[in-house]
Each structure stands twice: as C-alpha cells, then as structure tokens.
Amino acid sequence: MKEVLAFLSRAFCSLNLRLCVEGEYGSGDPALTGYLAALVGLINSSCCKLRLNPNFQELVLNLRGEMRARLIPAVLIFHAIGFFFAPAVRKIWWKVLKSKIKRKRRV
C-alpha cells in the first residue's frame, strides 16, 4: 500500500497541475466564513493560486477558475517502471511469473 501511495503521489506531481481560482464566498455566518478563510489560506500555494475574498455579511458563492496540466508520457512511464520494480511490488508479480514458468517446463 505504501508503494501505491508513493506512485500515485509521484504521478500526480508529474502532471504539473496549476490551479487559479478567484471570486467571493460567504456562508452567512461570520464564524464559519472565518474558518473557510483560514482553510483558503492553508491551501493557497504556488501551484494553487486562490484569490478569494470572504464576505462576512451574506451567503454568496461567486467563483471562476482555470486549471492547467502538462503530461509528459516518458515521465509517467518512468514512474510506472519504478513502481513495478519496487521490492514490495516485485514480490507479488515475481511469484506469479515463477509459477507460470514452472508450469510451462512441466508440459
């Protein structure tokens, strides 16, 4: 499971995903809007640009955004090969391959 999660993480990072969202949001409850503002501040990073303005007075959700990704097949293939030859994953398919080779030799 650890290898699967590591592979998915590497594959996701190789997409070079860029997200840009701008707009206004508000929940009607100032406290909840404040919690959402804190969450937006935590999520905001270089690959995820959030230009969101909280509205503490009314219930509103007015967002527009853009998402870009770049996929390079060679990088994805490289990560997939690394995943299949990782020791934990190799144990699984190597046993199956060995048993098939032994069956062919018997016949």
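Refer to the structure above for everything that follows.
In this text the structure is predicted, and so the values were computed from the model without any measurement.

Asks: Please clarify how the overall build of the protein should be interpreted in this entry.
Replies: In terms of regular secondary structure, the protein is built from four helices and three strands. Written out in order from the N terminus, the α and β elements of the protein read α-β-α-β-β-α-α. Relative to its length of 107 residues, the protein is extended, with a C-alpha radius of gyration of 23 Å against a globular reference of 13 Å. In terms of principal-axis extent, the alpha carbons of the protein reach across some 80 × 30 × 20 Å. The proportion of buried residues among the 107 residues of the protein is 16%. Relative to all contacts within the protein whose residues are 6 or more apart in sequence, the contacts with residues 24 or more apart total 80%. Of the roughly 8,700 Å² of accessible surface on the protein, a fraction of 65% belongs to carbon and sulfur atoms. The average position of the 18 basic charges and that of the 6 acidic charges among the side chains of the protein differ by 34 Å.

Asks: Explanation requested: the packing of helix α1 (residues 2-13) against helix α3 (residues 73-84) in the structure shown.
Replies: Helix packing geometry: the angle between the two helix axes and the distance between the axes. It is at 10 Å that the axes of α1 and α3 come closest, and there the two elements cross at 170°. Accordingly, the angle class assigned to the pair α1 and α3 is roughly antiparallel. On α3, the residues that touch E3, V4, F7, R10 and A11 of α1 are L76, H79, A80 and F83. The class makeup of the residues in the contact of α1 with α3 is six nonpolar, one polar and two charged.

Asks: Can you walk me through the pattern of salt bridges in this structure?
Replies: Where charged atoms from two side chains of opposite charge approach closely, those side chains can pair. Per the counting criterion, the structure on display carries three salt bridges. R64 is the partner of E22 in a salt bridge, and the nearest nitrogen-oxygen pair spans 3.8 Å. Of this pair, E22 sits in strand β1 (residues 18-27) while R64 sits in strand β3 (residues 59-68), and the two are 42 residues apart along the sequence. Relative accessible area serves as the criterion here: at 30%, E22 is assigned to the partly exposed category. A salt bridge links R68 to E66; the nearest nitrogen and oxygen atoms lie 2.6 Å apart. Each of E22, R51 and R64 takes part in one network of salt bridges that share partners.

Asks: So what exactly am I meant to see when it comes to the sheet that holds strand β2 (residues 48-54) here?
Replies: Within a sheet, neighbouring strands are paired by backbone hydrogen bonds and run either parallel or antiparallel to one another. Strands sit in the order β2-β1-β3 across an open sheet of three strands; the sheet is mixed. With one partner strand each, in any of the chains shown, β2 and β3 form the two edges of the open sheet. Across this sheet, the average inter-strand angle for adjacent strands is 10°, counted without regard to direction. For β1 and β2, the ladder comprises seven bridges, and the chain directions are parallel. Across the sheet, L19 pairs through a bridge with C48, a residue of β2. With respect to the sheet, helix α2 (residues 30-43) is in contact with β1 and β2, its orientation differing from that of β1 by roughly 170°.

Rules and cut-offs
- Residues numbered from 1 in each chain as written.
- Predicted model: local features only at pLDDT ≥ 70, side-chain atom pairs only at ≥ 80, totals over all residues.
- Heavy atoms only, no water.
- Helix = DSSP H or I, 4+ residues; strand = E, 2+ residues; numbered from the N terminus.
- Rg over C-alpha atoms; globule rule 2.2 N^0.38 Å.
- Buried < 20%, exposed > 50% of the residue type's maximum accessible area, 1.4 Å probe, protein only.
- Contact = heavy atoms within 4.5 Å.
- Areas by Shrake-Rupley, 256 points an atom, 1.4 Å probe, with all protein chains shown as cover.
- Lys, Arg positive; Asp, Glu negative; His and termini not counted.
- Charge placed at Lys NZ, Arg CZ, Asp CG, Glu CD.
- Axes fitted to C-alpha atoms, helices over the stretch in contact; angles between N-to-C directions.
- Parallel < 35°, antiparallel > 145°, perpendicular 65-115°, else oblique.
- Nonpolar A, V, L, I, M, F, W, Y, C, P; charged D, E, K, R; others polar.
- Salt bridge = Lys/Arg side-chain N within 4 Å of Asp/Glu carboxyl O.
- Pairing = 2+ DSSP bridges.

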